[in-house]
Each structure stands twice: as structure tokens, then as C-alpha cells.
Amino acid sequence: MSETGNGRKNWTRVVAVVGLVFLAVAGGIVLANANKVINKTEKKDEETPLISIGFSQVGAESEWRTGNSISIKTTFSQKRGYDLIFKSQDGKSLHL
């Protein structure tokens, strides 16, 4: 093979290695910031007022809805800075 062919092959390897290093560094930065966000949402300052969230459903007639209710209660917990107002009508009509 000619020297030009080897030069291109080496240049391609350099570009590939630099690209992989860039992706590794960028991925590390993203993961580090994601960890900070998770820690902030799980450790809410006691001085910060809770955010009120209202959630209403007609009932828990299926496993999906039961799972959804658990997910809502877990996501919007006081530990994460929320005051969840959860109402389930259990299939009964709502009279205002």
C-alpha cells in the first residue's frame, strides 16, 4: 500500500479515538449531572415549601391503575418536595 493510504488509515484511527474519548467524557458529564439532579429531588430542603399536587381517579379496577396509583404516590412524595392530595372514588360518582 502507498504511504498516502497508510496516512489516511492512521488519520482515521486518530479521529475515531478522539471521537470515543469525547463521547466518554460527555457521557461522564451527563451521568454526573443526572446524579446531582436525582439527589436534589430526593433531598428537599426543610425550609423549601412543598409543591401541592392533586390527583384524582375513578377507582382501582385494574392492575394497571393500581400500579399507576403507586407510581404517583412514590413520585410525588414529601421526601421529594411534594404535598400530594390523592383522591380515589372507587367507582363512585363525585358530588361537588
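Preceding this paragraph is the structure being described.
The subject of this paragraph is the overall build of the protein. Helix and strand counts for the protein come out as two helices and two strands. For the protein, with 96 residues in total, the buried portion stands at 7%. Within the structure as shown, the protein displays about 8200 Å² of accessible surface, and the carbon and sulfur contribution to it stands at 61%.

So, on to the environment of K87. With respect to the secondary-structure elements, K87 resides in strand β2 (residues 82–88). In the structure, K87 is positioned 29 residues away from V58 in sequence and 8.6 Å away in space, judged by C-alpha atoms. If we skip the residues at most four places from it in the chain, K87 touches F55, S56 and Q57.

Once that is clear, we can look at the packing of aromatic side chains. Under the counting rule described, the total for this entry stands at two aromatic pairs. Measuring from ring centre to ring centre gives 5.4 Å for F55 and F86, while their planes differ by 20 degrees; the resulting arrangement is stacked. On the criterion of sequence distance, the pair formed by F55 in strand β1 (residues 51–57) and F86 in strand β2 is long-range, its members being 31 residues apart. Given the relative accessible area of 22%, F86 is considered partly exposed.

What counts and how
- Residues numbered from 1 in each chain as written.
- Predicted model: local features only at pLDDT ≥ 70, side-chain atom pairs only at ≥ 80, totals over all residues.
- Heavy atoms only, no water.
- Helix = DSSP H or I, 4+ residues; strand = E, 2+ residues; numbered from the N terminus.
- Buried < 20%, exposed > 50% of the residue type's maximum accessible area, 1.4 Å probe, protein only.
- Areas by Shrake-Rupley, 256 points an atom, 1.4 Å probe, with all protein chains shown as cover.
- Contact = heavy atoms within 4.5 Å.
- Phe/Tyr/Trp six-rings, centres within 6.5 Å; stacked < 30°, edge-to-face > 60°.

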